[in-house]
Amino acid sequence: GLSSLIIVDSQGRILARGEGSNLTGDAIANDPLVSQALSGTAASSAVVNDGPLAPQVSLSAAVPIVHSTGQITGAVVSSITIDDAFLDGIKSATGLDATIYAGNILSATTLTSPDGSAKPIGTKEESPDIKRRVLFEGQNYSGPLTLLNTSYLTSFVPISDLDRVSVAMLAVFHPRSEIFSTGIRSIQLTFVTTAVLIAISVIPVLLISRYLTRQIQ
C-alpha cells in the first residue's frame, strides 16, 4: 500500500496526512512535486533515501485538485516504497524474480541464496554496460547476469526523478537454464508488466484527487 498520503491546500499547507492526522499546518509548497501540481500539472518522481541496510527507493506522485471553475484548490501527494512486498507483487504477477537498485546498489529483491537464508541487499551492480545504458543513458537493458552463483537472463528498466535523471533501476530475472522452456518473450513482456505495476502504484492518488474534486464542485 501507500507509504504516505498528504492533501495540501492551494498554498501548499498540509490539510491532512494519512500517517498522522494531527500533523497538519506545515507548508510544503516549495517541494518540487507539490509546486508542479499546484501549477496544474500532475508530476511523479523516484526518490532515494537512506535505509538500514541499503538506500531505499520510493515513487512519489502529486496531482492537482481542480474546481469546476478551473481553479486549483490544492493537491494530493502520495508515495510508495519499492520494497520486498512490492517486488513480491511483481513476482506473483509475472513468475519472475525482481530487484530494485538505488543507483547501482541493490535495495530490495525477491532473490535469495540457494539455501534461502540470505538476500544480496547492499551489493553493487558493477557491469559497465548496465550502468552506462540504464543509469547514464536512461535506456532499457537486457542480457545475461550472474548473481548468487546463478546465471540469469535479465531485463533492466530505468526509474527517473522529476528531472528525468535515472536514479534507480528495476530488474527482473529468469534463470538461463529455464529460458528455453519458457521462451525469451516472457522477459520482453515483463517490461509491459512492470510499467503497469508502477502505474498502479500511483492510481490511488489520482482517484483521491478526483473524489475531492467532485466534493468541492
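All residue numbers refer to positions counted from 1 along the written sequence of the respective chain. Local features in this predicted model are restricted to residues whose pLDDT is 70 or higher, and side-chain atom pairs enter the listing and the counts only when it is 80 or higher, whereas totals over whole chains, interfaces and linings include all residues. Excluding hydrogens and water, the side-chain figures rest on all heavy atoms present in the structure.

Visitor: Can you tell me about the overall build of the protein chain, naming the residues and giving the values?
Guide: In this text, helices come from DSSP runs of H or I with a minimum length of four residues, and strands from runs of E with a minimum of two, each type numbered from the N-terminal end. Across its full length, the protein chain carries 5 helices and 10 strands. By the burial criterion, 41% of the 217 residues in the protein chain qualify as buried. Residue burial considers only the protein chains on display, and all accessible areas are found by Shrake-Rupley using a 1.4 Å probe. Summed over its atoms, the accessible surface of the protein chain is roughly 11000 Å², and 52% of this surface lies on carbon and sulfur atoms. Accessibility here uses a 1.4 Å probe with only protein chains present; expressed as a share of the type maximum, an area under 20% marks a residue as buried, one over 50% as exposed, and anything in between as partly exposed.

Visitor: Kindly report on the sheet that holds strand β9 (residues 150–160), identifying the contributing residues and their values.
Guide: Strands sit in the order β7-β6-β10-β9-β8 across an open sheet of 5 strands; the sheet is antiparallel. Of all the strands in the sheet, the pair left with one neighbour each is β7 (105–109) and β8 (141–147). If you compare each strand with its neighbour and ignore which way they point, the axes differ by 35° on average. Across 9 bridges, β9 lies against strand β10 (residues 166–175) in antiparallel orientation. Considered in β10, the bridge of Val157 is made with Leu170. The contact criterion used is simple: two residues touch if any of their non-hydrogen atoms lie within 4.5 Å. Here the axes come from fitting lines to C-alpha atoms, over the contacting stretch only for helices, and the angles between their N-to-C directions go from 0 to 180 degrees. On top of the sheet, helix α2 (residues 84–94) reaches β6 (97–102), β7 and β10; it is set at about 145° to β6, its chief contact. Contacts between helix α3 (residues 128–136) and the sheet are confined to β8, β9 and β10, with β10 contributing the most and set at about 130° to the helix. In short, DSSP must find at least two bridges between two strands for them to pair.

Visitor: Please give an account of the nonpolar core that cites residues and values.
Guide: If you look at the biggest cluster of nonpolar residues, it comprises 18 residues, and the most contacted ones within it are Ile82, Leu87, Ile90, Ile100, Ile159 and Leu170. Mapped onto this core, the elements with two or more residues apiece are β4 (56–66), α2, β6, β9 and β10. Beyond its immediate chain neighbours, meaning those up to four positions away, Ile82 contacts Val57, Ser58, Leu59, Leu87, Ile100, Ala108 and Ile159. Core analysis: the second largest hydrophobic core is formed by 14 residues, Tyr101, Leu111, Val134 and Tyr152 among them. Residues enter a nonpolar core if they are buried and are Ala, Val, Leu, Ile, Met, Phe, Trp, Tyr or Cys, with the set joined through side-chain atoms within 4.5 Å.

Visitor: So what about α3? Which residues, and what values?
Guide: Of the positions making up α3, those classed as buried are Ile130, Val134 and Leu135. End-on, the buried residues of α3 take up no more than an arc of 80°, which puts them together on one face. With respect to the buried face of α3, the exposed residues turned more than 90 degrees away are Pro128 and Phe136. Looking at the packing, one finds that the buried side of α3 touches β8, β9 and β10. At the C-terminal side of α3, Gly138 shows a positive phi close to 70°. Directions drawn from the helix axis to the C-beta atoms are what define this arc.

Visitor: Explain the pairing of β10 to me, and be specific about the residues and the numbers.
Guide: The buried fraction of β10 amounts to 9 of the 10 residues, a majority that puts the element mostly inside the structure. Pairing of β6 with β10, which is carried by 6 bridges, proceeds in the antiparallel orientation. Within β10, the residue paired with Ala98 across the bridge is Val172.

Visitor: Mind laying out the side chain of Ser107, listing which residues take part and the relevant values?
Guide: Turning to its location among the elements, Ser107 is positioned in strand β7. Since its relative accessible area comes to 12%, Ser107 is described here as buried. In this view, Ser107 contacts Ala54, Pro55, Gln56, Val57, Ile100, Tyr101, Ala102 and Ile121; residues no more than four positions away in its chain are not counted.

Visitor: Can you tell me about the packing of aromatic side chains, naming the residues and giving the values?
Guide: Only rings of Phe, Tyr and Trp enter the pairing, Trp through its six-membered ring, and a pair is recorded when the two centres are within 6.5 Å. The plane angle decides the type: under 30 degrees is stacked, over 60 is edge-to-face, the rest tilted. Applying the stated criterion across every chain yields a total of 4 aromatic pairs. Ring centres 5.4 Å apart and planes at 80° place the aromatic pair Tyr152 and Phe173 in the edge-to-face group. Taken together, the positions of Tyr152 in strand β9 and Phe173 in strand β10 put the pair 21 residues apart, joining distant regions of the chain. Judged by relative accessible area, Tyr152 falls into the buried class, the value being 7%. A residue is classified by how much of its surface remains accessible, and Phe173, at 1% relative accessible area, is buried. Aromatic rings pair up to connect Tyr101, Tyr141, Tyr152, Phe156 and Phe173 into one cluster.

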